[in-house]
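Letter by letter, the chains look like this.
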Amino acid sequence: MEYQVKHLPEESRFEIDLGEKTSYLDYHLSGNIMIYIHAYTPPEYRGKGLAAMVAKYALDYARDHNLKIIPQCPYVRDYVEAHKEYQELLAG
């Protein structure tokens, strides 16, 4: 199955629709800083790379829109640490 990440700005969320469930990353936008709050993937979908897809999409979105990031979410924080190309986006 091919998954597609969608940005839902009205919900402050990036998500993958899995039918009755979703894999998502919630954020808060404060000026030009995107604060990544919480990532979630339903247990039965874990290990398929969905959280990484959502994190990459969200980080690319921040880069494309000249935003800085604060990864409060441990998953996104670890993702940024593992993917050095996103460290330039860190606020502060």
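Every value quoted in this text rests on a predicted model; they were computed, and no experiment measured them.

Each value, and the rule that gives it
- Residues numbered from 1 in each chain as written.
- Predicted model: local features only at pLDDT ≥ 70, side-chain atom pairs only at ≥ 80, totals over all residues.
- Heavy atoms only, no water.
- Core = buried A, V, L, I, M, F, W, Y, C linked by side-chain atoms within 4.5 Å.
- Buried < 20%, exposed > 50% of the residue type's maximum accessible area, 1.4 Å probe, protein only.
- Helix = DSSP H or I, 4+ residues; strand = E, 2+ residues; numbered from the N terminus.
- Phe/Tyr/Trp six-rings, centres within 6.5 Å; stacked < 30°, edge-to-face > 60°.
- Lys NZ or Arg CZ within 6 Å of the ring centre and 35° of its normal.
- Contact = heavy atoms within 4.5 Å.
- Pairing = 2+ DSSP bridges.
- Axes fitted to C-alpha atoms, helices over the stretch in contact; angles between N-to-C directions.
- Right-handed = clockwise from strand over helix to strand, strands pointing away.

**Here's the deal with the nonpolar core**
Next up, step 1: With 23 residues, the main nonpolar core has Phe 14, Ile 16, Tyr 36, Leu 59 and Ile 69 as its most contacted residues.
Next up, step 2: For this core, the elements supplying multiple residues, two or more each, are strand S2 (13-17), strand S3 (22-30), strand S4 (33-40), helix H1 (50-64) and helix H2 (74-82).
Next up, step 3: Top element by residues in this core is H1. It accounts for 6 residues.

**Regarding the packing of aromatic side chains**
Next up, step 1: Throughout the structure, instances matching the rule amount to 6 aromatic pairs.
Next up, step 2: Measuring from ring centre to ring centre gives 5.2 Å for Phe 14 and Tyr 27, while their planes differ by 35 degrees; the resulting arrangement is tilted. With Phe 14 in strand S2 and Tyr 27 in strand S3, the pair connects residues that are 13 residues apart, well separated along the chain. When sorted by exposure, Phe 14 lands in the same class as Tyr 27, which is buried.
Next up, step 3: Here Tyr 24 and Tyr 40 contribute two aromatic rings whose centre-to-centre distance is 5.6 Å and whose plane-to-plane angle is 40 degrees, an arrangement assigned as tilted. Of this pair, Tyr 24 sits in strand S3 while Tyr 40 sits in strand S4, placing them 16 residues apart in sequence.
Next up, step 4: One aromatic cluster in this structure is built from Phe 14, Tyr 27, Tyr 57 and Tyr 61.
Next up, step 5: Note that Arg 13 overlies the ring of Tyr 24, its terminal NZ or CZ placed 3.7 Å from the centroid.

**Remarks on the side chain of Asp 26**
Next up, step 1: Tracing the sequence through the fold places Asp 26 in strand S3.
Next up, step 2: With residues up to four places along the chain from it excluded, the contact list for Asp 26 reads Ser 12, Arg 13, Ile 35, Tyr 36, Ile 37 and His 38.

**Quick notes on the sheet that holds strand S1 (residues 5-8)**
Strand pairing in a sheet takes place through backbone hydrogen bonds and is either antiparallel or parallel in direction.
Next up, step 1: Reading across the sheet, the 5 strands line up as S1-S2-S3-S4-S5 and stay open at both edges, with mixed pairing between neighbours. Taken across any chain shown, the strands that pair with only one partner, and hence form the sheet edges, are S1 and strand S5 (68-71). Taking the axes of each pair of neighbouring strands and ignoring which way they run, one obtains an average angle of 30 degrees across the sheet.
Next up, step 2: As defined by bridge partners, S3 adjoins S4 across 7 bridges and the pair is classed as antiparallel. Across the sheet, residue Leu 29 finds its bridge partner in S4, namely Met 34.
Next up, step 3: Across the sheet, H2 is in contact with S3, S4 and S5; its angle to S5 comes to roughly 120 degrees.

**A word on the pairing of S5**
Next up, step 1: Side chains of S5 alternate between two faces, with Ile 69 and Pro 71 buried and Lys 68 and Ile 70 left unburied.
Next up, step 2: In the sheet, S4 pairs with S5 via 4 bridges, with the strands oriented parallel. By the bridge assignment for S5, Ile 35 is matched with Ile 70.
Next up, step 3: Running through H1, the crossover from S4 to the neighbouring parallel element S5 is right-handed.

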